Amino acid sequence: MLVVNQSDGGSNVSVAHGLARLEILALWLTGVMPIAAMVCCTIFLSNGRFVNQPVHAFVETAGASMALFVAALIICRLSFLSAPGHFVWPALALIAMGVLDACHAMLHTCPGFTWTRVFATFVGGALFAMTWLPERFLPRKHLKTAIVLTVLLSLLAGALMMVFADQLPLAFTHGGDHLPAPRIVNLLGGVFFLFASFRFYQLSLAGRMKENLLFCCHCLLFGLAGFSYVLSNLWDAQWWLFHALRLFAYCVLLVYTAAIFRELHQALQTANDQLEVKVGERTAELITVNTALQDDIRKREEAEDLLAAKNIELARINEELEQFASIAAHDLQEPLRTISNYLDLFHQRFPERMDEKAIKYMNHIKAGTSRMQSLISDLLRYSRVGKAVLIETDAQEIFDLTISGLGNVIEESGALITRDKLPVLVVDRSQLSQVFQNLLANAIKFRGTESPRIHVSVVQLDGQWQFSVRDNGIGLESQYSQQIFQLFRRLHPRDEYPGTGLGLAICKKIVERNQGRLWVSSEPGRGSTFFFTLPVIGSREQ
């Protein structure tokens, strides 16, 4: 058997019906009580007048303050919370009425005194009635512009009515009776408010939002106040009832402010909870990232310590290798010098025993000894390239000294060597001289049938001085442009072109140690141009 529990549904329905009955009761009271008050004032207090400017100013100032306060809250809700779009019009209406009511409170009894009041009712009612317009006419996207325009226009209208208060059309007789014009304008404003009240009641029924019901009561009170003004004269009971109804209507909206404050509190609490969650998540992420970062820092420090230790070890090994190379070069050259000296001594002491074959053999031995000495000297120079004393050096001076050292070779070959103006560099003087010497000696050595013509030039490119050594020698094929810079790499037999095969390798190592590079451009039979770069002063990396 199926049993359906309807207790919860029944209780919810009963609560909803109860709330609906309360809303209808509130609307009836809002509508009936002002009407009863107007009837009482007409019957029992029609002849009484209460003239009190300070009390009137207080009532108007209080109403203006409440209007502007509620308008500010509505704007905050529209800007930061999910408020219905049609609330834009009540916000603008309350701004206009608040500004004009404040101007009205500052005026004495004059035509402007009445017209500011009438104009405030008319403008406020018209703006409230705008809630009937479709959604596409809502100025929500341009809310700031609409607010600024409403404030400026309201201030302008209020200021003009205050300045020309006595020049405005008459609004009441000398006896205090209102003239027809202000009664009609005020009545139109009241009708606008009643139209707006009906619209808010429709919205309340459709969306069950208590704010719409509050604005419905507010507009109903303002609409009835407009009718009360039609029945009133200056300072009589009906006139004061008009002000009382307006003030009570503003008090009704204070209930709306309580709802907004509650919604703001809930929104702030929700935002705070979400922020705490995000802060917690972000903190956890930061802890994770910080842990990983500390681990990376530790690993990097360990790698730097290891690299420093390796560098120290490498420096020690390099120093030992250099010492070994110096000692080995000395120990290897000593027996070679001994062999060469004994060959010379044998040739001097026993010339009668030297036939042509013996002389030929001795010359071969002496040539091999000389080549071995040159090879050992070049290897020693190659190993010492890393040890350099960097000072400002005039490349022209070094070049000229190198030319002087090659004087005999230049004279024998008939070479013509020219140069451009060379710059000042931060290099090792002896190493720069060695580069010039090797490149110039190669240009002279590998000459063609014509006398050597060698030109040295330099240009500045991207923080580097680019030197070029151009000759008219035999040249070389492009496939060998990299091989010639390798150790012991030779392209020709020793009997044609003597040498150890280390000159260009030494030049390449010197240039690269000075943060430059060395290369060649050449064609067979058309000469070669060797290029190398060295840093401009101030651009060298430490």
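Residues numbered from 1 in each chain as written. Predicted model: local features only at pLDDT ≥ 70, side-chain atom pairs only at ≥ 80, totals over all residues. Heavy atoms only, no water.

Asker: It is not clear to me how the overall build of the chain should be interpreted in this structure. Could you clarify?
Answerer: Across its full length, the chain holds 13 helices and seven strands. In the chain, which comprises 542 residues, the proportion classed as buried is 40%. Here the analysis covers contacts within the chain between residues at least 6 apart in sequence; of these, 77% occur between residues at least 24 apart. With the model as given, the accessible surface of the chain reaches about 31,100 Å², and the carbon-plus-sulfur share is 62%. (Helix = DSSP H or I, 4+ residues; strand = E, 2+ residues; numbered from the N terminus. Buried < 20%, exposed > 50% of the residue type's maximum accessible area, 1.4 Å probe, protein only. Contact = heavy atoms within 4.5 Å. Areas by Shrake-Rupley, 256 points an atom, 1.4 Å probe, with all protein chains shown as cover.)

Asker: Teacher, can you tell me more about the side chain of Gln238 here?
Answerer: Looking at the secondary structure, you find Gln238 in helix H8 (residues 237-349). Setting aside residues up to four positions removed in sequence, Gln238 forms contacts with Met38, Cys41, Thr42, Ser228, Leu231 and Ser232.

Asker: Looking at this structure, how should I read the side chain of His86?
Answerer: Mapped onto the elements, His86 comes out in the loop between helix H2 (53-80) and helix H3 (88-105). The class of His86 is buried, set by a relative accessible area of 11%. Excluding residues that lie within four positions of it along the chain, His86 makes contacts with Thr131, Leu138, Phe200, Leu203 and Asn212.

Asker: So what exactly am I meant to see when it comes to helix H4 (residues 111-129) here?
Answerer: Count 3.6 residues to each turn of an α-helix, and residues three or four apart come out pointing the same way. The end-to-end C-alpha distance of H4, which contains 19 residues, comes to 27 Å, matching closely the 27 Å that a straight helix rising 1.5 Å per residue would cover. Of all 19 residues in H4, 16 are buried, a share of seventy percent or more. (Expected span 1.5 Å × (residues − 1).)

Asker: Got a minute to help me understand the packing of aromatic side chains in this structure?
Answerer: Two aromatic rings, taken as a pair, are described by how far apart their centres are and by the angle between their planes. Applying the stated rule across the entire model yields 20 aromatic pairs. Judged by centre distance (6.4 Å) and plane angle (45°), the ring pair of Phe128 and Phe215 falls under tilted. Taken together, the residues Phe128 in helix H4 and Phe215 in helix H7 (residues 210-230) connect sequence positions 87 residues apart. Judged by centre distance (6.3 Å) and plane angle (70°), the ring pair of Phe436 and Phe467 falls under edge-to-face. Of this pair, Phe436 sits in helix H12 (residues 429-445) while Phe467 sits in strand E5 (residues 464-470), and the two are 31 residues apart along the sequence. Residue Phe436 is classed as buried on the basis of its relative accessible area of 1%. Taken together through their ring pairs, the aromatic side chains of Phe87, Phe128, Phe193, Phe200, Phe215, Phe222 and Tyr250 make up a single cluster. Sitting over the face of the ring of Trp132, Arg199 holds its NZ or CZ atom 5.4 Å from the ring centroid. Positioned above the aromatic ring of Trp519 is the side chain of Arg517, whose terminal nitrogen or guanidinium carbon lies 3.9 Å from the ring centre. (Phe/Tyr/Trp six-rings, centres within 6.5 Å; stacked < 30°, edge-to-face > 60°. Lys NZ or Arg CZ within 6 Å of the ring centre and 35° of its normal.)

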